[in-house]
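# Fold and geometry: a report
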Amino acid sequence: MEKLKLYNTLHRKKEEFKPIEPEKVKLYTCGLTVYDYAHIGNLRTYIFEDVLKRTLQYNNYDILHVMNITDIGHLTSDADEGQDKMVLSAKKEHKSVWKIAEHYTKAFEKDLKNLNILFPDYHVKATEEIEAMIDLIKRIEDNGYTYQSRGNVYFDISKCEDYGKLANLDLDNLQAGARIEVDNAKKNPHDFVLWFTKSKFDDQEMKWDSPWGKGYPGWHIECAAISTKYLGDHFDIHCGGIDHIPVHHTNEIAQAEAATGEKWVNYWLHGEFLIFKHHKMSKSRNEFLTLETLKEKDYSPLVYRYFCLGAHYRKKLNFSYESLDSARESLKRIRDKIVHIEDNLDTSFGDAQYIKKLKGDFISQINNDLNMPGALAVMWEVLKTDKIGNKEKYDLLMDFDKVLGLRLEDSRRIIKQKKQEKVNTDLVEKLIKEREEAREKKNWSKADEIREKLDNLGVEVRDGAKGTEWRIK
RNA sequence: GGCGACAUAGCCAAGUGGCUAAGGCGGGGGUCUGCAAAAUCCCUAUUCCCCGGUUCGAAUCCGGGUGUCGCCUCCA
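Residues numbered from 1 in each chain as written. Chains lettered and ligands numbered in written order. Predicted model: local features only at pLDDT ≥ 70, side-chain atom pairs only at ≥ 80, totals over all residues. Heavy atoms only, no water.

In this model, the second largest pocket occupies a volume close to 780 Å³. Ser 300, Arg 335, Ile 414, Lys 418 and Glu 421 are the residues nearest the centre of the second largest pocket, which is lined by 27 residues in total. Elements represented by at least two residues in the lining of the second largest pocket include exactly helix H8 (301-309), helix H9 (321-343), helix H13 (411-422) and strand E16 (467-472). Taken together, the residues of the lining of the second largest pocket break down into 8 nonpolar, 3 polar and 16 charged. (1 Å grid on protein atoms, 1.4 Å probe; cavity = no way out; pocket = protein on both sides within 12 Å on 5 of 7 lines; lining within 4 Å. Points joined across faces, edges and corners; volume = space filled by probe spheres on them. Helix = DSSP H or I, 4+ residues; strand = E, 2+ residues; numbered from the N terminus. Nonpolar A, V, L, I, M, F, W, Y, C, P; charged D, E, K, R; others polar.)

Quick look at the pattern of salt bridges now. This model, assessed by the stated rule, comprises 36 salt bridges. Taking the shortest distance from any N to any O, the salt bridge between Glu 102 and Lys 106 comes out at 3.4 Å. Taken as a pair, Glu 102 and Lys 106 lie in helix H3 (residues 97-114) at a separation of 4 residues, close to a single helical turn. For Lys 106, a relative accessible area of 56% puts it in the exposed group. Of the charged contacts in the structure, one is a salt bridge between Arg 435 and Asp 463, with a shortest N-O distance of 2.8 Å. Separated by 28 residues along the polypeptide, Arg 435 in helix H14 (residues 425-440) and Asp 463 in strand E15 (residues 459-464) bring together distant segments of the chain. By relative accessible area, Arg 435 is classed as buried at 3%. Exposure remark for Asp 463: the relative accessible area of 36% places this residue in the partly exposed category. Salt bridges linked by common partners bring Lys 332, Asp 336, Glu 460, Arg 462, Glu 469 and Arg 471 together as one network. (Salt bridge = Lys/Arg side-chain N within 4 Å of Asp/Glu carboxyl O. Buried < 20%, exposed > 50% of the residue type's maximum accessible area, 1.4 Å probe, protein only.)

Empty space among the atoms becomes apparent when a probe as large as a water molecule is rolled across them. This model, assessed by the stated rule, comprises 3 cavities of 30 Å³ or more. By volume, the largest cavity amounts to about 120 Å³. Surrounding the largest cavity, 13 residues form its lining, Ile 47, Phe 48, Cys 308, Ala 311 and Tyr 313 being those nearest its centre. Residue assignment for the lining of the largest cavity shows that the elements contributing at least two residues are helix H1 (40-58) and H8. Ranked by the residues each element gives to the lining of the largest cavity, the list is headed by H1, at 5 residues. When we break the lining of the largest cavity down by domain, the ones giving at least three residues each are domain 1 (5-271) and domain 2 (291-413). Surrounding the second largest cavity, Thr 29, Tyr 46, Glu 49, Asp 50, His 65, Met 67, Leu 112, Ile 117, Leu 118 and Pro 120 form its lining. At the level of secondary structure, the elements contributing two or more residues to the lining of the second largest cavity comprise H1 and strand E4 (62-69). Among the elements that line the lining of the second largest cavity, the one with the most residues is H1, at 3 residues. A class-by-class count of the residues in the lining of the second largest cavity yields 6 nonpolar, 2 polar and 2 charged. (Domains from an automatic or database assignment.)

This part covers the sheet that holds strand E12 (residues 274-276). Here 3 strands make up an open sheet; going across it, the order is E13-E12-E14 and the pairing mixed. Each edge of the open sheet carries a strand with a single partner, namely strand E13 (279-280) and strand E14 (317-319). Strand direction decides the pairing type here: E12 and E14, joined by 3 bridges, are parallel. Bridge pairing in E14 places Ile 275 opposite Asn 318. The sheet contacts of H8 involve E12 and E14, and relative to E14 the element is tilted by about 145°. (Pairing = 2+ DSSP bridges. Contact = heavy atoms within 4.5 Å. Axes fitted to C-alpha atoms, helices over the stretch in contact; angles between N-to-C directions.)

One non-glycine residue with positive phi stands out, namely Glu 23, at about 70°. For Glu 23, the location among the structural elements is in the loop between strand E2 (13-16) and strand E3 (24-29). With a phi angle near 70°, Asn 60 is a residue other than glycine that sits in the positive phi range. As for its placement among the helices and strands, Asn 60 is situated in the loop between H1 and E4.

Now for helix H2 (residues 85-93). Looking at H2, one finds that the buried residues are Met 86, Val 87, Ser 89 and Ala 90. In an axial view of H2, the angular spread of the buried residues amounts to 165°, which keeps them on one side of the axis. On its buried side, H2 packs onto H3. His 94 sits one or two positions beyond H2 and adopts a positive phi of about 55°. (Arc of directions from axis to C-beta.)

Another aspect to go through is the pairing of strand E11 (residues 265-271). Burial of E11 is extensive: 7 of the 7 residues sit out of reach of the surface. With helix H6 (residues 245-260) bridging strand E10 (residues 235-241) and the parallel E11, this β-α-β connection has right-handed handedness. (Right-handed = clockwise from strand over helix to strand, strands pointing away.)

Here we take up the state of the cysteines. Chemically, a disulfide is nothing more than a covalent bond linking the sulfur atoms of two cysteines. Following the criterion strictly, the structure yields 0 disulfides and no others. Here Cys 223 stays free of any disulfide, with the sulfur of Cys 30 as its closest cysteine sulfur at 3.8 Å. Counting only cysteine sulfurs, Cys 239 is the nearest neighbor of Cys 308, a cysteine outside any disulfide, at a range of 15 Å. (Disulfide = S-S within 2.5 Å.)

Right, here's the structure in full:
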């Protein structure tokens, strides 16, 4: 069997995956900051991580998966400048920050469910792990990597031997403050805050006691503390969006390795952006689409999932409604074919060699750094081939869907549900019956008239040997 | 200014040194059908942004252009 290879950002190349413990994978994925709805660009990353997790499962690994929820407000910079997104959102909506966090956490979890994303074993709120963060900061402090300045505790990157190794940062030539002013309380512009006691927001609701005074944690400490608490000082895979490489993940590594004195994570995987109108989709750009927006436009979450599977996770993906239409059409055909296969499961033939080849092709695609476009091509070959029977097709497709996560086993139910949502099925059935009667009498003009009527309802009529079937267009 | 990506058909998108450049959508044609739809079959890139180079051989490697994007504030 083709071995699983993953692109490790740490070494900028594909590497064979070898877990720390045999058969077990400890996986950490950065979660969402819950001050607003997740947009479909955010969700692309969670789909990629889900595919990773499913591929690991397909390779027979047991997975321990942890994801955080950033429900603490964070300033837009360590310099205590800019706006706290949580606070801002709370003010805008006239709610407490706690309520804001709760609302958007629920919405996010609903999105994950709709996208058929497997839930993490632990979905951890940052606000419930303050103690773990304080403990980690203490360890970092004990090892001499911190200093205090103007009330805040800073991480001193000059104490790190290899700060920036993940991102290949060239600190001498990085223009810190190219876009914002540098916090002059810092010794080095790239130092970052571990614990704040000062905030320009007097009404900051979220504050906790700490050895350094009442305040709140810096952003990067959260993931480092939560991941090491649940997965240990050394674990297998850490994922996130590509934007996290230079700052967030770089700082997480600095903190964790300063605390433990040993190598932290073996494999770093990063998902590329979703591009919308020539730019990455972003909240600040103020034109972002949510899963709900897509649903309103009649694109189901699984259509979006299929759309994302159409591109490799390390490549930018251009979003357009034209492409989404294409994904919707493809998924509709897949489901129709599966229903057809289910209805004719009695055919069973095909040589074992060919079946083995199909399965082998699929594995070599997913195990080649999660090449999902390639995996989909194999799925289409199964759907279309006449070299194997329906029984064999069905088994292969359901097996592949463990990784694809398109809920193919539910095809029939999804089609039925769509019918019930869109039209009055009793009325449609009645019209279909009338039309069949008209057709028997060869009253074509009446039959066509009814077909026209159904067409206007959004119903597509299919006359076949076994009678007339119908689908929502 | 520094760093990092990317450029493959009408659209989306695999492939990264060697059989006919995957697959999906769209389009064209045939079969089927009362006519349609669906299904099915066939066709739809002599060529991979441009110019050089390496090589028996390059979309794939190297150099130089051009263009687009991302990061260096928070961000998936």
